[in-house]
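This is what each chain is made of:
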Amino acid sequence: QVQLVESGGDLVQPGGSLRLSCAVSGNRFSIDVINWYRQTPGKQREVVATFTGGSSTTYADSVTGRFTISRDNAKNTVYLQMSSLRPEDTAVYYCHAYHLLRHYWGQGTQVTVSA
């Protein structure tokens, strides 16, 4: 059973930066796919950034060049570094893992971008 715990959400001004963390536990083997999603009220959850083993990463067009997904294997933690934040980046951000044919979600962390 994989557990995901996000942290780092906060209120930040437009143009600011923030780093989210996702602590991963319970996996005996390397996670197949791990990504960050976000969701705003009334909208579907959307994928923001994906890590597929090794160093392969993909990003949503809306965040390319501003967000970076990374991992620290020693700490079993995945990060989402967010820069040049915009009000439209306001959302609850979720860590998601697909591992051994099962999906796992964290509880989410709120990011609010506002002056």
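Counting restarts for each chain: residues are numbered from 1 in the order of the written sequence. Whole-chain, interface and lining totals are the exception, using all residues; otherwise, since this is a predicted model, local features are given only for residues with pLDDT of at least 70 and side-chain atom pairs are given and counted only at 80 or more. For side-chain calculations, the full set of non-hydrogen atoms in the structure is used, while hydrogens and water are omitted.

Chemist: I keep staring at the overall build of the chain and nothing clicks. Help me out?
Modeler: For helices the rule is a DSSP run of H or I covering at least 4 residues; for strands it is a run of E covering at least 2, with both sets numbered from the N terminus onward. Each helix and strand counted, the chain has 0 helices and 11 strands in total. Mapped in sequence order, the helices and strands of the chain form the string β-β-β-β-β-β-β-β-β-β-β. In terms of overall size, the chain behaves like a compact globule, its C-alpha atoms giving a radius of gyration of 13 Å where 115 residues would be expected to give roughly 13 Å. When the backbone C-alpha atoms are referred to their principal axes, the chain occupies close to 45 × 30 × 25 Å. In this scheme, a residue with accessible area under 20% of its type's maximum is buried, one over 50% is exposed, and one in between is partly exposed, where area comes from a 1.4 Å probe on protein chains only. Counting across all 115 residues of the chain, residues that qualify as buried make up 41%. When the accessible surface of the chain is totalled, it reaches about 6300 Å², and 49% of it is carbon and sulfur. Note on method: radius of gyration uses C-alpha positions; expected globular size equals 2.2 Å times residues raised to 0.38. Computed with the Shrake-Rupley method and a 1.4 Å probe, the accessible areas treat only the protein chains shown as cover for residues.

Chemist: Would you take a moment to explain the environment of Ser70 for this structure?
Modeler: Positionally, Ser70 belongs in strand 7 (residues 67-72). Along the primary structure Ser70 and Val113 are separated by 43 residues, whereas in three dimensions their C-alpha atoms are 22 Å apart. The criterion used for residue contact is that any of the two residues' heavy atoms lie within 4.5 Å. Once residues lying within four places of it in the same chain are set aside, the contact partners of Ser70 are Phe51, Thr77, Val78 and Tyr79.

Chemist: Hey, could you run me through the state of the cysteines in this one?
Modeler: Put simply, a disulfide is two cysteine sulfurs that come within 2.5 Å. As enumerated under the stated definition, the model contains 1 disulfide in all. Covalently, Cys22 is tied to Cys95 through a disulfide, its sulfur atoms 2.1 Å apart. Between Cys22 and Cys95, the S-S torsion sits near -85°, and that sign places the bridge as left-handed. Of the two residues, Cys22 sits in strand 3 (residues 18-25) while Cys95 sits in strand 9 (residues 91-99), which places them 73 residues apart along the sequence. Note on accessibility: Cys22 and Cys95 belong to one class, buried.

Chemist: Just checking my understanding: could you explain the sheet that holds strand 7 for this structure?
Modeler: Across a sheet, paired strands are connected by hydrogen bonds in the backbone, their directions being either parallel or antiparallel. A pair of strands is considered paired only if DSSP assigns at least 2 bridges between the two. Ordered in space as 1-3-8-7, the 4 strands form an open sheet in which the pairing is antiparallel. The open sheet terminates on both sides in strands that have one partner only, identified here as strand 1 (3-7) and strand 7. Each strand of the sheet is rotated relative to its neighbour by a mean of 20°, with strand direction disregarded. In terms of strand pairing, strand 3 meets strand 8 (residues 77-82) through 6 bridges, oriented antiparallel. Bridging from a neighbouring strand, Leu20 pairs with Leu80 of strand 8. Every angle, taken between N-to-C directions, lies between 0 and 180 degrees, and every axis is a line fitted to C-alpha atoms, over only the stretch in contact when it is a helix.

Chemist: Quick question: what am I supposed to make of the nonpolar core here?
Modeler: As a rule of thumb, nonpolar side chains are buried together in soluble globular proteins. In this text, buried Ala, Val, Leu, Ile, Met, Phe, Trp, Tyr and Cys residues form a nonpolar core when linked through side-chain atoms within 4.5 Å. By size, the foremost hydrophobic cluster in this structure holds 28 residues, and its most contacted members are Trp36, Leu80, Met82 and Tyr93. At the level of elements, strand 3, strand 4 (33-39), strand 5 (46-51), strand 7, strand 8, strand 9 and strand 11 (109-113) are the ones that each hand at least two residues to this core. Apart from the residues within four sequence positions on either side, Tyr93 is in contact with Glu6, Leu20, Trp36, Tyr37, Arg38, Val48, Phe67, Leu80, Met82, Gly108, Thr109 and Val111.

Chemist: Help me out: how do you make sense of the environment of His99 in this one?
Modeler: On the secondary structure map, His99 appears in strand 9. Given the relative accessible area of 4%, His99 is considered buried. Along the backbone, His99 and Val2 are 97 residues apart, and their C-alpha atoms lie at a distance of 8.2 Å. Leaving out residues up to four positions away in the same chain, His99 has contacts with Val2, Asn27, Phe29, Ser30, Ile31, Asp32 and Tyr104.

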